[in-house]
Amino acid sequence: MNTVPGVANKLQDITASMSDYNPNALTVQQAQDIMRAYIQPVCGIEKLTIRQALGRVLATDITSPINVPAHNNSAMDGYALRGEDLADGQELKLKVTATVLAGAEFTGTVGRGECVRIMTGALMPAACDTVVPQEFTTKISDDKIRISAGSLRAGDNRRLKGEDLAMGTIALHKGKILTPADLGLLASLGIPEVSVQRRLRVAIFSTGDELRSLGETLESGCVYDSNRYTLYGMLMRMGCEVLDMGVVQDNPDALEAAMRSACENADAIITSGGVSVGDADHTRQLMDKLGEVAFWSIAMRPGRPMAFGKIASAGKSAYLFGLPGNPVAVMVSFYFFARQALQQMSGAEITPLPIFSVKSNADIRKRPGRTEYQRGILSVRADGELGVSITGSQGSGILRSMSEANCMIILHDDQGNIAAGEKLSVLPFAGLI
Ligand code: AMP
Ligand code: MG
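Residues numbered from 1 in each chain as written. Chains lettered and ligands numbered in written order. Predicted model: local features only at pLDDT ≥ 70, side-chain atom pairs only at ≥ 80, totals over all residues. Heavy atoms only, no water.

Caption draft 1: Spotlight on the overall build of the chain. Looking only at helices and strands, the chain has 8 helices and 26 strands in total. Taking 22 Å as the expected radius of gyration for a compact globule of 433 residues, we find that the chain reaches 30 Å, considerably beyond that expectation. Considering only C-alpha atoms, the chain reaches an extent of 90 × 55 × 50 Å along its principal axes. Expressed as a percentage of its 433 residues, the buried residues of the chain come to 45%. Of all intrachain contacts in the chain linking residues separated by at least 6 positions in sequence, the fraction that spans at least 24 positions is 71%. A total accessible area of about 20700 Å² is found for the chain, and carbon and sulfur atoms account for 50% of it. Computed over 42 positive and 46 negative side-chain charges, the inter-centroid distance for the chain is 3 Å. (Helix = DSSP H or I, 4+ residues; strand = E, 2+ residues; numbered from the N terminus. Rg over C-alpha atoms; globule rule 2.2 N^0.38 Å. Buried < 20%, exposed > 50% of the residue type's maximum accessible area, 1.4 Å probe, protein only. Contact = heavy atoms within 4.5 Å. Areas by Shrake-Rupley, 256 points an atom, 1.4 Å probe, with all protein chains shown as cover. Lys, Arg positive; Asp, Glu negative; His and termini not counted. Charge placed at Lys NZ, Arg CZ, Asp CG, Glu CD.)

Caption draft 2: Structural context of the packing of helix α5 (residues 252-265) against helix α6 (residues 280-290). Following both chains from N to C, one finds α5 and α6 inclined at 40 degrees, their axes separated by 10 Å at the closest point. Judged by the angle between their axes, α5 and α6 are oblique. Relative to α6, α5 is oriented so that their crossing is right-handed. Judged by residue contacts, Pro252, Leu255, Glu256, Met259 and Arg260 of α5 engage His282, Thr283, Leu286, Met287, Lys289 and Leu290 from α6. (Axes fitted to C-alpha atoms, helices over the stretch in contact; angles between N-to-C directions. Parallel < 35°, antiparallel > 145°, perpendicular 65-115°, else oblique. Left-handed = near helix turned anticlockwise from the far one by under 90°.)

Caption draft 3: Just the pattern of salt bridges, in detail. Within this structure, the stated rule accounts for 19 salt bridges. With a shortest N-O distance of 2.9 Å, Asp244 and Arg228 are connected by a salt bridge. Of the two residues, Asp244 sits in strand β16 (residues 241-248) while Arg228 sits in helix α4 (residues 227-237), which places them 16 residues apart along the sequence. On the accessibility criterion, Arg228 (6% relative accessible area) is buried. Connected through salt bridges with shared partners, the residues Arg82, Glu84, Asp85 and Arg112 form a single ionic network. (Salt bridge = Lys/Arg side-chain N within 4 Å of Asp/Glu carboxyl O.)

Caption draft 4: Up close: the site of ligand 1. Near ligand 1 there are 15 residues, and of these Glu210, Asp225, Ser226, Asn227 and Gly325 occur at the shortest range. Within the side chain of Ser206, one N or O atom sits 3.4 Å away from a nitrogen atom of ligand 1. Contact between ligand 1 and Asn227: a nitrogen atom at 3.2 Å from a side-chain N or O atom of the residue. Computed on the free molecule, ligand 1 has an accessible area of 490 Å², of which 76% lies beneath the protein chains in the complex. Here the shell around ligand 1 is composed, by residue class, of 3 nonpolar, 9 polar and 3 charged. (Near = heavy atom within 4 Å. Polar contact = N/O pair within 3.5 Å; in protein donor to acceptor, adjacent residues only side chain to side chain. Nonpolar A, V, L, I, M, F, W, Y, C, P; charged D, E, K, R; others polar.)

Caption draft 5: Focus on the packing of aromatic side chains. According to the stated counting rule, one finds 6 aromatic pairs in the structure shown. With a centroid separation of 4.2 Å and 35 degrees between ring planes, the pair formed by Phe336 and Tyr373 is classed as tilted. One end of the pair, Phe336, is in helix α7 (residues 327-345); the other, Tyr373, is in strand β23 (residues 371-380), and 37 residues separate them in sequence. Judged by its relative accessible area of 3%, Tyr373 falls in the buried class. Linked through ring pairs, Tyr38, Trp296, Phe308, Tyr319 and Phe321 together constitute an aromatic cluster. Directly above the ring of Tyr79 sits Arg117, whose terminal nitrogen or CZ lies 5.4 Å from the centroid. Taking NZ or CZ as reference, Lys310 lies 5.8 Å from the ring centre of Tyr38, over its face. (Phe/Tyr/Trp six-rings, centres within 6.5 Å; stacked < 30°, edge-to-face > 60°. Lys NZ or Arg CZ within 6 Å of the ring centre and 35° of its normal.)

Caption draft 6: Focus on the sheet that holds strand β8 (residues 137-141). An order of β7-β4-β6-β5-β9-β8 is seen for the 6 strands of this open sheet, with the pairing classed as mixed. The outermost strands of the open sheet, each flanked by one partner alone, are β7 (130-133) and β8. If you compare each strand with its neighbour and ignore which way they point, the axes differ by 40 degrees on average. Pairing of strand β4 (residues 78-81) with strand β6 (residues 114-118) involves 4 bridges; the strand directions are antiparallel. Looking at the pairing, Ala80 lines up with Val116 of β6. (Pairing = 2+ DSSP bridges.)

Caption draft 7: Geometry of α4. Within α4, burial applies to Asn227, Arg228, Thr230, Leu231, Met234 and Leu235. Buried positions in α4, seen along its axis, are confined to an arc of 160 degrees and lie on one side of it. At its buried positions, α4 is contacted by β13 (201-207), β16, β17 (268-272), β21 (316-323), α7 and α8 (399-404). Trailing α4 by a residue or two, Gly239 shows a phi angle of about 80 degrees, which is positive. (Arc of directions from axis to C-beta.)

Caption draft 8: Just the side chain of Asp156, in detail. One can find Asp156 in the loop between β9 (144-147) and β10 (158-159). One buried charged residue, Asp156, forms no salt bridge at all, with the nearest opposite charge on Arg153 at 4.0 Å. If we ignore the near neighbours within four places in the chain, the residues touching Asp156 are Asp129, Thr130 and Val131.

And the structure:
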């Protein structure tokens, strides 16, 4: 990984500057703040055609080289006229002298009491500033129309040159993640190629002697490794390149070899399992050897233990996110910590999670002093408002609760029990997973 030169934050300096830092009792907000202060964007730019750039991070501001639209034009099919001909409270009769089609230019004149038939997008004749839509007119004869009183004001139904984008203004900002609308916007400016940040490379592996990979026999006491698949899905949705390193056995040598190889080949490493209190000791020693990694216990459920920092090997470095092993905890920690950190690494503007406030359909028990993430189903209630219900069992190992849910319910740190009808924060999955 190459990061912006000259900025080398130390994790220790950041945590030392916080008066209330306690790695064994960190709030979600504190953990997010430390990550934000620590992460530096990864450097690397490539030039792509605008179609290839969909979902990528724009590396430069895009300045409009032209006015959009390039000329004043009609917003309607109808008749272009001189606004000064309109008189308050009076109907207007006009003589139709010509027709202007889209893409054609009308060079004639339009006198007082005259108008020209005009199509949507066609250039406005020089003397005209107003368009009356076809449906507001009555035909009196082949070349005469009537506009009823009060149906139109001067300047109506005309698009002004540069009103969408004026030449020289910034059309798209550096750091924007390009959407379908942005591709269209770039095309409308005549721009075929843009500079984007390179994709992040993220290495993933799972730790745990009980884990089996797909295709292997499941002996008693073993489980299939599902975390690498949810992580793969979430990373792909974020536009990352995924380096899947499989399952790594719970022993220091295997772990060191995997960490070094991941570090040498990726910008970030996401592991699952092996960070809870019972497991963490040998991992801690290894991390002290490879870099600076903090082991945290975060006041949240699920997902309490987490390791975060940076390691180095053979002159390369990579950020490390050591997530807990439980399948739901992995997803929760990814969305609430890793997602923003990866966005920051990729040079993207940070888009806050789209969190909404909706009514709870039932009472929910909650202990103040930790953040709880429950899986929910969001739907429209009989009263027409959005409401949310909890999906069955909320155990942190129950991936089915995540699969059945269409949103995550966020019960904040200081919140206590919730009564039916009270408002809650929810994060809809649509567009996220
Ligand atoms: P750990 O954080 O390693 O103590 O793991 C907590 C729980 O999550 C245990 O029940 C593990 O079997 C389970 N687990 C850990 N890693 C995975 C994985 N990659 N896929 C599925 N389950 C896992
Ligand atoms: Mg384990």
